[in-house]
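Descriptive analysis of the structure
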Amino acid sequence: MSTLTTGMSAPAVADVDVIRAHFPALTRREGAHPVAYFDGPGGTQVPRVVAEAMTDYLLHHNANTHWAYPTSAETDALLAAAREALADFLGADAGEIAFGANMTTLLFHVARAIGRGLEPGDEIIVTELDHHANVAPWQALARERGAVLRWLPLDVHTGRHEAGAFARLLSPRTKVVALGAASNMLGTVSDVAAMVQQARAHGAITVVDAVHYAPHHLTDVRAIGCDFLLCSAYKFYGPHVGVVYGRAEATAALDLPRLEPAPDWVPECLETGTQNHEGIVGAAAAVDFLAGLAGPADTGPRRERLARTFAALHARGESLLARLWTGLGAIEGVTCYGPPPGTARTPTVSFRVEGHASEQVARFLAPRGVYVSHGDFYATTIARRLGVVEEGLVRAGCSCYTTHDEVDRLVVGVQALVQGAH
Ligand SMILES: Cc1ncc(COP(=O)(O)O)c(C=O)c1O
């Protein structure tokens, strides 16, 4: 039975059963149980078309770039096509897309370059809601360049940035503003466009971590208005590759550390060494997979098909989230964190089960075919602010292949734990 619940006005998108058929991993079983993957925020499963695109590249087109023989030219063409695909994914131009090992490595690279222009006392705004990947590079600059970190505080009651606090942090010394578009722990979606606008009015460089946002909302770098935005393909059904959007002028202005023969033009200057060609091809295939969910009859421009897919998946995600939140919330001793359903958030829920460390919960659920992640998810400041550093939280994220039945199995599993089952 289909569990599609897109509502009356939501656009048509592939039925969840059709989507699930693309993912070989979903046939995995844990004893008598099919496996339900709730670890999307840590890394989604991969559809067959993505793995096939990577295999096809490796078996038939594998080469280094910019040489005179055909497979090298094919590689150049595939990498150029991948920049186009990721540009459509982020609402950018292909000339503003670069690839790297992962978001963390790309951001370290960009941050180091930004840091070369900082003076002691210059201020960098970071947030308590962010993954440490968007904090550590700025902490390094604070140590190395004498920059001052200013923290945008988390309101632990709402799971959002403290209202009005951002404007108070901005000063004539603000040189960099590093924001997360969505929290990988609480699911909170932040109004980064509004903050970027204020930051730019102060002349600050703006950097947005969209790793947890991009799988759930169609990212629009122009609407956000930032200088740099980063995401990771393995969070949106692709392989382990990082992607950075760099506004052309902002990238050109960077003082990037560079090996002498490496390209010094935008966007390749953001890349170091030989790239993960097969991974980049796979990242583009993931974008096409998502665009394809708009339906085989839909032949419009890729960005528009992506918009239709995201709108429908968002509606479905809201329905899954509401069920998960209500189901977990009804269990005695379970606390869900983050903003409630129906507000600006992703379908990712972190929760605590009184009397059980998060790892215990995850270990209890795994043999029941329910795979959840646990700990602090590198959102270390949130964990500290919520007072859950020791036991951590359990995290369940809904992806495009998640069903209402899987949500129910997760809730029943947590109930069984609380009722003392073994
Ligand atoms: C919100 C967020 N930012 C950054 C990262 C780091 O991404 P990567 O693993 O590509 O370095 C993650 C990874 O989980 C994340 O969830």
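Being a predicted model, the structure only gives us computed values, none of them experimental.

Reading the values: the criteria
Residues numbered from 1 in each chain as written. Predicted model: local features only at pLDDT ≥ 70, side-chain atom pairs only at ≥ 80, totals over all residues. Heavy atoms only, no water. Near = heavy atom within 4 Å. Polar contact = N/O pair within 3.5 Å; in protein donor to acceptor, adjacent residues only side chain to side chain. Areas by Shrake-Rupley, 256 points an atom, 1.4 Å probe, with all protein chains shown as cover. Nonpolar A, V, L, I, M, F, W, Y, C, P; charged D, E, K, R; others polar. Domains from an automatic or database assignment. Contact = heavy atoms within 4.5 Å. Buried area = accessible area lost by both parts, 1.4 Å probe. Salt bridge = Lys/Arg side-chain N within 4 Å of Asp/Glu carboxyl O. Helix = DSSP H or I, 4+ residues; strand = E, 2+ residues; numbered from the N terminus. Pairing = 2+ DSSP bridges. Axes fitted to C-alpha atoms, helices over the stretch in contact; angles between N-to-C directions. Buried < 20%, exposed > 50% of the residue type's maximum accessible area, 1.4 Å probe, protein only. Phe/Tyr/Trp six-rings, centres within 6.5 Å; stacked < 30°, edge-to-face > 60°. Lys NZ or Arg CZ within 6 Å of the ring centre and 35° of its normal. Core = buried A, V, L, I, M, F, W, Y, C linked by side-chain atoms within 4.5 Å. Left-handed = near helix turned anticlockwise from the far one by under 90°.

**Brief notes about the site of the ligand**
If you check the shell around the ligand, you find Asn 102, Met 103, Thr 104, His 131, Ala 133, Asn 184, Asp 209, Val 211, His 212, Ser 232, Tyr 234 and Lys 235 and nothing else. Thr 104 is positioned with one of its side-chain polar atoms (N or O) 2.5 Å from an oxygen atom of the ligand. Separating an oxygen atom of the ligand from a side-chain N or O atom of Lys 235 is a distance of 2.6 Å. Relative to its free-state accessible area of 390 Å², the ligand is covered by the protein chains to the extent of 89%. Counted by class, the shell around the ligand contains 4 nonpolar, 6 polar and 2 charged residues.

**Concerning the domain arrangement of the protein**
Domain boundaries assigned for the protein yield domain 1 (16-45 + 302-418) and domain 2 (51-289). The gap between the C-alpha centroids of domain 1 and domain 2 is 26 Å. Taken together, the contact between domain 1 and domain 2 spans 41 residues of the former and 40 residues of the latter. Of the roughly 3,400 Å² buried between domain 1 and domain 2, counting both surfaces, carbon and sulfur atoms make up 58%. On the domain 1 side of the interface with domain 2, the three residues burying the most area are Arg 302, Arg 303 and Phe 310, jointly 22% of the side's total. Viewed at the interface, domain 2 and domain 1 are joined by 3 salt bridges. We note a salt bridge from Asp 88 to Arg 302, for which the minimum N-O separation is 2.8 Å. Along the contact surface separating domain 1 from domain 2 lie 24 residue pairs in polar contact (both at pLDDT 80 or more). Among the secondary structure elements, those contributing two or more residues to the side of domain 1 that touches domain 2 are α11 (302-329), β14 (348-353), α13 (380-386) and β17 (393-397). Of the residues in the side of domain 1 that touches domain 2, the class split is 19 nonpolar, 16 polar and 6 charged.

**Quick notes on the environment of Trp 151**
Topologically, Trp 151 is positioned in strand β6 (residues 148-152). In this structure, the C-alpha to C-alpha distance between Trp 151 and Leu 129, residues 22 residues apart in sequence, is 9.8 Å.

**Re the sheet that holds strand β16 (residues 373-375)**
Judged by pairing direction, the sheet is antiparallel, and its 4 strands sit side by side in the order β13-β14-β17-β16 without closing on themselves. Two strands lie at the open edges of the sheet, namely β13 (334-337) and β16, each paired on one side alone. Across this sheet, the average inter-strand angle for adjacent strands is 30°, counted without regard to direction. Summarising the sheet, β16 and β17 pair through 3 bridges and their orientation is antiparallel. Residue pairing in the sheet places Gly 375 in a bridge with Leu 393 of β17. With respect to the sheet, α11 is in contact with β13, β14 and β17, its orientation differing from that of β14 by roughly 10°.

**Section: the pairing of strand β11 (residues 228-232)**
In regular strands, side chains alternate between the two faces of the sheet. Within β11, 5 of the 5 residues are buried, leaving the element largely enclosed by the surrounding structure. The pairing of strand β10 (residues 205-209) with β11 spans 3 bridges and is parallel. Paired with Val 207 across the strands is Phe 228, a residue of β11. Where β11 meets strand β12 (residues 242-246), 5 bridges bridge the pair, whose relative direction is antiparallel. Bridged to Leu 230 within β12 is Val 244.

**Things to note about the packing of aromatic side chains**
Following the criterion strictly, the structure yields 9 aromatic pairs and no others. Their ring planes at 50° and their centres at 6.1 Å tell us that Phe 89 and Phe 310 sit as a pair that is tilted. In this pair, Phe 89 is assigned in helix α3 (residues 70-90) and Phe 310 in helix α11, connecting sequence segments 221 residues apart. One exposure class covers both Phe 89 and Phe 310, and it is buried. Three or more aromatic residues link up through ring pairs in this structure, and these residues are Phe 23, Tyr 237, Phe 289 and Tyr 401. Directly above the ring of Phe 364 sits Arg 368, whose terminal nitrogen or CZ lies 3.8 Å from the centroid.

**Details of the nonpolar core**
Looking at soluble globular proteins, one finds that nonpolar side chains tend to be buried together. Of all hydrophobic cores here, the largest spans 68 residues; its most connected members are Leu 86, Phe 89, Phe 236 and Leu 290. Per element, the largest residue contribution to this core is 9 residues, and it comes from helix α10 (residues 277-292). Counting only domains with at least three residues in this core, you end up with domain 1 (16-45 + 302-418) and domain 2 (51-289). Filtering out sequence-adjacent residues up to four positions away, Phe 236 remains in contact with Thr 44, Leu 86, Phe 89, Pro 215, Cys 231, Ala 286, Val 287 and Leu 290. Counting residues in each nonpolar core, the second largest holds 28 residues, with Ile 331, Val 353, Val 407 and Ala 416 among its members.

**Regarding the packing of helix α2 (residues 48-61) against α10**
Contact geometry of α2 with α10 gives a least axis separation of 8 Å together with a crossing angle of 145°. The interaxial crossing formed by α2 with α10 has right-handed handedness. Together, Val 49, Val 50, Ala 53, Met 54, Tyr 57 and Leu 58 of α2 and His 277, Glu 278, Gly 279, Val 281, Gly 282, Ala 285, Ala 286 and Phe 289 of α10 make up the contact between the two elements. Of the residues belonging to the contact of α2 with α10, the class tally is 10 nonpolar, 3 polar and 1 charged.

**A word on the pattern of salt bridges**
Tallied over the full model, the rule gives 17 salt bridges. Here Arg 20 and Glu 406 are joined by a salt bridge, their closest N and O atoms 3.2 Å apart. In this pair, Arg 20 sits in helix α1 (residues 16-20) while Glu 406 sits in helix α14 (residues 404-418), placing the two residues 386 residues apart along the sequence. A relative accessible area of 18% means that Arg 20 is categorised as buried. The buried category is assigned to Glu 406, whose relative accessible area is 3%. The partner of Glu 359 in a salt bridge is Arg 363, and the shortest N-O contact between them spans 2.8 Å. One end of the pair, Glu 359, and the other, Arg 363, are both in helix α12 (residues 358-365), 4 residues apart, so they sit about a helical turn from each other. What makes Glu 359 partly exposed here is its relative accessible area of 34%. The network of salt bridges with common partners includes Asp 88, Asp 288 and Arg 302.

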